[in-house]
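Residue-level structural notes
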Amino acid sequence: MPVLTYLWIIPLLPLLGAAANGIFGVRWPKNVISAVALSSTTLSFLLALEAVREFFTLSPNQIPWIRTYFTWISAGGFQADFALQVDQLTVIMLLVVTGVGWLIHIYSTGYMHDDPGFRRFFSYLNLFMFFMLVLILAANYLLMFVGWEGVGLCSYLLIGFFFLKQSATNAGNKAFWVNRIGDFGFLLGLFLIFRTFGSLDFSIVLPRAAGMTADPAGQIGTLTTIALLLFVGAVGKSAQLPLYVWLPDAMEGPTPVSALIHAATMVTAGVYMVVRSHAIFLNAPVAMQVVGVIGCATALFAATIGLVQTDIKKVLAYSTVSQLGYMFLACGVGAFGAGIFHLMTHAFFKGLLFLAAGSVIHAMGGEQDMRKMGGLRKKIPVTFWTMFMATLAIAGAPGFSGFFSKDEILNEAQRVSPVLWGLGVLTAGLTAFYMFRLLFLTFFGAERYDEHHVHVHESPKNMTIPLIVLAVLSVCGGWMAAPQLNGGVNHFQQFLAPVLATGAEPAAAAAEASGGGAEILQALFGAPVIAGLLGFFLAWWFYIKSPEAPKKLADSLSPLYKLFSGKYFIDELYQAAIVHPLVWISDKVLWHAVDERAIDGTVNGVAFVSRETGDRVRRATTGNIRSYATWIVLGVLVFTSLLLWMVD
Amino acid sequence: MITPQIAIFLVLAAVAVAGAVSLIVQRHPIHSALSLIVVMVALAGLYLLQGAEFVAAVQIIVYAGAIMVLFVFVIMLLNAGEEERSNVSRMARFVGAPLGVVFLVEVAYWIGRATSHLGSAPAETVSTRDLSTLLFREYVFPFELTSFLILIALLGALVLARREESN
Amino acid sequence: MFPPIQDLYRIAPEIVLCGFGMLVMLLAPVVSKARHGVLAGISLVGAALALVATYYPARYGGLAYSGLFRADAFSLFVHWIVCGAAFLVILGSIGYLKRDDLDAAEFCALILFATAGMGVMAGAHELLTAFIGLEMSSISSYILASYRRDAPRSNEAAMKYFLLGSFATAFFLYGIALSFGATGSTHLDLMMPLANDSAHTLLKIGLGFIFIGLAFKVAAAPFQLWTPDVYEGAPTPVTALLSTGPKAAAFALALRIMASVDAAAPLWFWALWVAAALSMFAGNLSAIVQTSVKRMLAYSSIAHAGYILVALTAAAATDHPEAGIAAALFYLVGYALVKMGAFLIVAQLGGPGERHVDIEDFTGLGRRQPAMAACLSLFLLSLLGLPITAGFLGKFYVFNAALESNLIWLAILLALNSVIGAYYYLRVIVVMYMRESSTEIVAEPVPWTLSAVLWIAAAGTVFAGLFPARIIDFAAKAALNIR
Amino acid sequence: MPAYLLSFLTFWPVVGTLALLLLRDDDHVWIRRLAMTVAVVEFVASLLLLRGFDLHAAGYQLEEFHNWIPQPPIHYHLGIDGLSLFLILLTTLLTPISILASWKSIDQRVKGFFICLLVLETGVIGVFVSLDLFLFFLFWEVMLIPMYFLIGIWGHGRRIYAALKFVLYTMFGSILMLVAILWLYRVTAVAGYPTFDVSQIQALLSNGTITLPVRTEYLLFGAFFLAFAIKVPLFPLHTWLPDAHTEAPTAGSVMLAGVLLKMGIYGMLRFCLPLFPDAARQFAPYIAVLAIIGIIYGALVAMVQVDLKRLVAYSSVSHLGFVVLGIFAFHPISIQGAVYQMLNHGISTGALFLCVGMLYDRRHTHLISEFGGLATPMPVLAALYLFSCFASAGLPMLNGFVGEFLILAGTFQKHADWASWAALGVIFSAVYLLWSYQRVFFGSLTQDKNGKLPDLDMRERGILFVMAALILWMGIGSPFFTRRTEAYTQNVLQLMQRPQAYNAGGSRTNGTSSTDLDHAPVTPPGLNAAAYAGVADPVKLK
Amino acid sequence: MVPTSYFLVLSAVLFGLGVIAFIFKRNILTIFMSSELMLNAVNLAFVSFSRLLGQLQGQVFVFFVIVVAAAEASVGLAIIILIHRNRGTLDVENVDSLKD
């Protein structure tokens, strides 16, 4: 098992690529740089494939496959090793990350070709691959946290890639800070895990957690606290309410970055982490409820904002937030496998959507406003068709990958709570609406751009080929998990079953249900599809049939429209309620009032008082010996009185 | 009961105190100096009253005679005028003088209280021989030192009072 | 019953000092003014010989002159301080005298006489002898203070010193009289209160007045007011002497009385406590706001008197005063070296007529005269009490003594005052090194004699700061031997 | 292993200054070279410590013991353990780095500068190797003076104010510590074992030969702690730090942040905990609160600074809050973390100061508003600065993370609430560092003169690469360090156990083995001699 | 016979008057005379104690005090002459250039 034994090679290759480009690449020509970057990811991808192949040869008791390479931290009874692990969950993530990552690298060589920061870009991107791989390969929470923070770093670097733009660097900072808030929770979760289980290794913590008695429903016990704290981390990383605010802004980064980091991989790390910790979550009913509710709420919330965005990437960003909400909804209802499944399909179609959007932007010479596009269908056909596939997938058109994953989630949700299910369906309809809105505005209708200045052209091969590959995956990516196509067997679930075994009851129940009441399921499948169709038709109505309708509707529903287009004014709220007060207090109160006035004022005051006292004291030295004599007599009186009256 | 000695004492004491007060209230230094001489003479009387004849003599000769003459001489030399009454140092006037009075009262009170029961000692005249024995035997060391003291004083007067040769 | 010959041995240093004083005095009219340097040299030899002559009292320890004088380790230690101070002052002022055209002969003779007086104080075992010694040093000091005859400030300093000195002397003397009345003796070891009711009160007042006289001499608050004026007005080498020798001698006398007179220590305890606290604060706080280095150093010497008084308080507070006495003695050594050096540097830098003694005049000294600045910095740091200087160890021993006697609060006050002190000492260093001078003051050449003194003082400061073992051992021995 | 390695390390820099004194004042080139040589030799020699260090020994190692002052008994006693080992290495490393960093920026009074730097090194190393309280205090104070000069002479704008403030603040604490040291000595003397020796005092305390009454222990702890807390500095005693840092030259800041602040932490670990465990436990909650306030407060105030160096200074307040918190959680993990975080802070904050210093060398200002868009002209500096920022912000795989994590994880085991509050600092550190970074390096150039700034030259790159390599190494290879501090951590916690715990009510143990100096009224002898005589014990004079 | 305490009280009173005079007077010469008055008071105390205790030392002390007073007088008057020469005044209120 060469690769499984030397598992570290997989993450190391991108790191080497990053280092090579970052440190030595200053004078290298672009093709060398891209060759270095690409070869490292390609190799990494190939090795990942080989690792997966080897993985399938392992006997079940060898799984999870854990390799410890060196001790990273060891102090006072605490130990964290640099240890990597492979199990079924990892395999899926590994394939998604290296695969999609590889495609996006290829795409980027075309997309970023003219950018002066070419070297920097690939260096960062490779670094990201490294951290992402560490995140998913980690065998303990701490190493996972390394990857977790590392991808946050790369996200920061890549969002702020165009550092001359104030908005880009602002967005980068925001991303990092909001993520840090999440990490704060994550860290506390880690501490509590360590306190509870005495270790941070998955192989120790998770079985023990599974073996513990669950916290009673409605109560917040240790496990629930752990779960909630971990979820705070996930909320930050996966852009859920209320910490989602950074993701839309993150679109300031180059589009491949949005595709890779802010759609396909990094943002799903939260989901991965929750699924990884499912043993803890399952024994924490309150936490599960919170996860489900937050996920569902985020899904709906972000979808409503997505309805009215005009920036093509912003639409996709909110869509991502919304879809991530779905994944958490899945986790919240115990359908961890479904969550991961949606994660995977989402990686395909959302990655594709972003890349396609990038292609559009590329074609439009940097224009991102959909209102200034239109009718591009003919000019960039490859982009159009691939994007169309992806749209169908995300909208849940039957047969496409998104259809299976979304329906599985809604199916599970329905079993837990009709409300969650209902909101999920509604979101599905909204999703279909805004995605087709995007498609129609971009590719159909009148050409609203200035043809003299914008020379629309199809993207080069290295950009279109990844699009096509991803389009294929978007279409077919869900088939293996479709019981309908595989004789009632959900291969995906089955594959993951060993990992999720501890919490497999809902999944097993689902499998049972799918075997038993196929009719009901069919009916349930119907609802999201109908909602999707409704969304599609509405979009068609508004943006193809009567293009003036949206304006009217917006006018008639003015408050709602403003709320949506103003993104519920959450950013403004945060700014006013948290950021400004914090800065004001820090500046005016803590620094100027406390530090300068109170503390330093006291210090300087002591000096001042000493000087003043000194000035008084020295005035006793009047230069006149008669007053000196007076002092002496005074002293004599005092001292003799002291002796005569006191000392006895 | 007032014995003659006590009467003499009272008279001399009154003279001494009067002289001292006069020292204070006189404005011209020469008057003050004369007041001081009065005090010294009265004190010499008191020494006699206690049988310290030799000391009384020295008091008159050296103190009243030599030292005070020096004072008077200097006063004349410098042509010192009357003292102004306005007190620049308010500290001395408003705090110092009252404090001085308090001090006087306190010390006099405590000493008086402490010694009131001691009674009186017999007035036996001290022989000058005994005195000189003590001075030149036991106290020969400080006595020799005083000679250096006087040497120093001489040197001081020489150094300080002489005019620069160039002037 | 003429005093035995050993008695002469026991006062050998005084004999040498007085002898050389007279010699110089006699030679002064004979030798032409231009060659008065020779007389200074002779005086130097005298001071050095006096130091050598301490061999005799060391050899023939014991009481002399029917118990009036005592040669023991304690007096030996103090003799070294005062004779050493005299030696260094004479050596250090040769250049000054020449520069300011002052007569060297009388100056040196007076220093020698004064030192003899201090020696008497150090060894006195009887109050009147001590008084005569005190007067010898005082009267010499009055003359020395006004040695710059034409300088009104010098006269004024002398006048103040003289008048207040005689005022305080009267108290001291009255104290002796009352103590005499209470105990029937002025021999320190015989001063037991007589068996009558009046003795206790009289002794209290008497010892109180003695304390006041001594407190005046050591410049302890509230009897310190004369100090800054006199130190500022007197010629700086004289200030150097005043702030070291007489102070050491007065402290020695106080220690001697405390150790020998049983009633003194408990009676003086609170007085010492209060005086120590007041002196530290009065000295340090006033020094903060000074603009003249010379005056600042004067105030600083009040503060240091306070520190030494802490050691005295510690000694007074316990039946085993050795630690306190030893601390005071050690402190005096370090203090004398440093203060002497600092004042002599000021004397040199002040230039003819001592015009440049303001802190501002020291601006940029670190560049103009690096060696002087370095020396002065070292001395200031020692005064401040930073390690590897004698000042630090001195303070260390004082703290130790204070804590041994459970004087926590006094120790804390001392600690606070060290910090206040740091402020103004460092201020001088600030101007020397950290500011660029605006007005250029012409650096005068440093006479080699002064350099020698500064080297000795600096080396001594560091040596005592690093290897105090011998000094503190001897101080401890002196402390044990005091009675 | 050379027998006098510690002495050599302590005094070699002073020997170097003597050699420097022989050079001409204006021979700047050779002065620099000589100083650098001395510092490098020192560093290489200090590496020998690693070879001679026994990982598992609980006590002190490489000890040197000589009599020095007989009365009171003061010994020249040196020794190291896991705590001091790396602090020494940090010092010997940062000194040549500082020298290199001052290579060009110091062109006035060059000789004095390097002399100060080397004397400072001696002082600091002396503090870390001294096992005698007196000796410790001596070096502790000696160190003040060169630092005072470094700030006061070669500093910027308000340097004199800053230098004075630094010294006075520090002296205020340390002089009280001196009183406490002597008090402790008195206690040992009364028990019949007069000593200033740390290990002896520890032994006396551990085997119960001397016990400190509760109140005495509190006061002693307070005096020691105050001195160290000022040095650290702990909120609210920190206000000297921003001034000192801002005005100090780069080398001064590096040494100040890198090692001088560590002396406070070192003191707490070396003295406060083992000598006064009960007081430490008693006051731990209050100290922890201060530390947490410091963490958050420092970060928030750093956030709104307009001066880059001040910002880094306040960040030190925040970071050292973590360290103090880790110590006073009394958990082996957190103490390990605290020890490690000290080193990390020395490196990463040192690196930040070096970067800021390089900016200063070019523009002669620290004001953030004067910069902006510097990433364009100076990409290398921008990259390395960012690297240092992230190290400081505690990004995993960089050094800061390991320390912070251990501190918080350890603290959390005992005091979840402390750790939770403290962890907020993790958020804010990212805020102030990245925000300031953005304003300095990102965006388009705001001022024309910034456009032509040269990027780092080879010397500067070398310095920062060394720092970056260390940051990375310490972030990944932490066991190299923690293995060596493990024994120390166990030891200090062991020493905090006393054989017989006396009741908390503070009843005075009878006999002469205990003295409660504070309770004893100050009474003159003779008058109340009976009550008095029992307490005081004569110094044993020869 | 006259009780000793009379003498002692008189001596205290004279000493106190000397103190008052010292503070009260403005002329340097008179101030100096005040201190001489104080010394005289002390002498009286010495003599009285000497008689009370039957010890001659007290009278010897008076002797020494007188000598010291003489020495002080010569030096003091020299200084006063200097002051007068340099400043033209004997009023202490005008001799206060050294202060603060």
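Cut-offs applied
Residues numbered from 1 in each chain as written. Chains lettered and ligands numbered in written order. Predicted model: local features only at pLDDT ≥ 70, side-chain atom pairs only at ≥ 80, totals over all residues. Heavy atoms only, no water. Helix = DSSP H or I, 4+ residues; strand = E, 2+ residues; numbered from the N terminus. Buried < 20%, exposed > 50% of the residue type's maximum accessible area, 1.4 Å probe, protein only. Lys, Arg positive; Asp, Glu negative; His and termini not counted. Charge placed at Lys NZ, Arg CZ, Asp CG, Glu CD. Contact = heavy atoms within 4.5 Å. Buried area = accessible area lost by both parts, 1.4 Å probe. Salt bridge = Lys/Arg side-chain N within 4 Å of Asp/Glu carboxyl O. Polar contact = N/O pair within 3.5 Å; in protein donor to acceptor, adjacent residues only side chain to side chain. Expected span 1.5 Å × (residues − 1). Core = buried A, V, L, I, M, F, W, Y, C linked by side-chain atoms within 4.5 Å. Nonpolar A, V, L, I, M, F, W, Y, C, P; charged D, E, K, R; others polar. pLDDT = per-residue confidence, 0-100. Phe/Tyr/Trp six-rings, centres within 6.5 Å; stacked < 30°, edge-to-face > 60°. Pairing = 2+ DSSP bridges.

**Some remarks on the overall build of chain B**
- A tally of helices and strands in chain B yields six helices and zero strands.
- The secondary structure elements of chain B, listed N-terminal to C-terminal, are α-α-α-α-α-α.
- Principal axes of the C-alpha set define a box for chain B whose edges measure 65 × 45 × 25 Å.
- Counting only residues that meet the buried cut, chain B has 49% of its 167 residues in that class.
- Once the 9 positive and 11 negative side-chain charges of chain B are each reduced to a mean point, those two points are 8 Å apart.

**Comments concerning the interface of chain E and chain B**
- Chain E puts 66 residues into the contact, and the matching count from chain B is 83 residues.
- The contact between chain E and chain B buries some 6900 Å² in all, and 78% of this surface belongs to carbon and sulfur atoms.
- The largest share of the area that chain E buries against chain B comes from Met-1, Arg-26 and Met-33 of chain E, three residues that together contribute 10% of it.
- Our count for the contact surface shared by chain E and chain B stands at zero salt bridges.
- Summed over the shared surface of chain E and chain B, the result is nine residue pairs in polar contact (both at pLDDT 80 or more).
- Sorting the residues of the side of chain E that touches chain B by element identifies α1 (4-24), α2 (28-53) and α3 (57-87) of chain E as the ones contributing at least two each.

**Let's talk about helix α16 (residues 399-414) of chain D**
- Taking 1.5 Å per residue, 16 residues should reach 22 Å; α16 of chain D reaches 24 Å between its end C-alpha atoms and fits that length.
- Of all 16 residues in α16 of chain D, 15 are buried; the element is thus mostly enclosed.

**Focus: the nonpolar core**
- Grouped together as the largest cluster of nonpolar side chains are 800 residues, with contacts concentrated most on Tyr-141 and Ile-280 of chain A, Tyr-174, Ile-257 and Trp-268 of chain C together with Leu-273 and Phe-328 of chain D.
- The next biggest cluster of nonpolar side chains, apart from the first, holds 15 residues, and it includes Cys-296, Ala-330, Ile-409 and Ala-531 of chain A.

**Things to note about the side chain of Ser-84 of chain D**
All names here are of chain D.
- Tracing the backbone through its elements, the reader meets Ser-84 in helix α3 (residues 82-101).
- Residue classification places Ser-84 among the buried residues on the basis of a relative accessible area of 0%.
- Polar side-chain contacts of Ser-84 include one of 3.4 Å to the side chain of Arg-270.
- Sequence-distant contacts of Ser-84, defined by excluding residues within four places in its chain, comprise Gly-79, Phe-128, Tyr-266 and Arg-270.

**So, the interface of chain D and chain A**
- Across the contact, 64 residues belong to chain D and 50 residues belong to chain A.
- Interface area for chain D against chain A, summed over the two sides, is near 4900 Å², with a carbon-plus-sulfur share of 73%.
- The largest contributions to the chain D side of the interface with chain A come from Met-397, Phe-405 and Phe-412 of chain D, which together make up 13% of the buried area.
- Its salt-bridge partner being Asp-600 of chain A, residue Lys-165 of chain D comes within 2.7 Å of it at the nearest N-O pair.
- Linking chain D to chain A there are 20 residue pairs in polar contact (both at pLDDT 80 or more).
- Per-element accounting of the side of chain D that touches chain A gives the leading share, 16 residues, to helix α17 (residues 416-441) of chain D.
- Of the residues contributing to the side of chain D that touches chain A, the split by class is 44 nonpolar, 15 polar and five charged.

**Thoughts on the confidence of the model for chain D**
All names here are of chain D.
- In the predicted model, chain D carries a mean pLDDT of 85, and the fraction of residues at 70 or more is 91%.
- Between residues 500-542, whose pLDDT stays under 50, and residues either more than four places distant or in other chains, the model counts 84 contacts.
- Scoring of the predicted complex yields 0.90 for pTM and 0.89 for ipTM.

**Overview of the pattern of salt bridges**
- Summed over the entire model, instances satisfying the criterion amount to 39 salt bridges over all chains.
- In this structure, Arg-148 of chain C and Asp-100 of chain C form a salt bridge, with 2.4 Å as the shortest nitrogen-oxygen distance. In this pair, Arg-148 of chain C is assigned in the loop between α7 (127-145) and α8 (152-183) and Asp-100 of chain C in the loop between α5 (73-99) and α6 (104-123), connecting sequence segments 48 residues apart. As far as the burial class goes, Arg-148 of chain C and Asp-100 of chain C line up, both buried.
- A salt bridge links Asp-81 of chain D to Arg-270 of chain D, with the nearest nitrogen and oxygen atoms 2.8 Å apart. With a gap of 189 residues between them, Asp-81 of chain D in the loop between β2 (74-80) and α3 and Arg-270 of chain D in helix α11 (residues 250-275) connect regions that are remote in the sequence.

**Some details on the packing of aromatic side chains**
- If you walk through the whole model with that rule in mind, you get 136 aromatic pairs over all chains.
- Summarising the aromatic geometry, the rings of Phe-191 of chain A and Phe-412 of chain D are spaced 5.6 Å apart at their centres and angled 45 degrees between planes, so their arrangement reads as tilted. Taken together, the residues Phe-191 of chain A in helix α7 (residues 166-197) and Phe-412 of chain D in helix α16 connect one chain to another.
- Among the residues examined, Phe-412 of chain D registers a relative accessible area of 4% and is labelled buried.
- Where Phe-235 of chain D meets Tyr-297 of chain D, the ring centres are 4.6 Å apart and the plane angle is 55 degrees; that geometry is what we call tilted.

**Regarding the pairing of strand β2 (residues 78-86) of chain A**
Residue and element names in this part refer to chain A.
- In terms of residue burial, β2 counts as a mostly covered element, since eight of its nine residues are buried.
- Across nine bridges, strand β1 (residues 65-75) lies against β2 in antiparallel orientation. Bridge pairing in β2 places Ala-75 opposite Phe-78.
- If you look at the hairpin formed by β1 and β2, you'll find two residues sitting between the two strands, and Gly-76 has a positive phi there, around 50 degrees.

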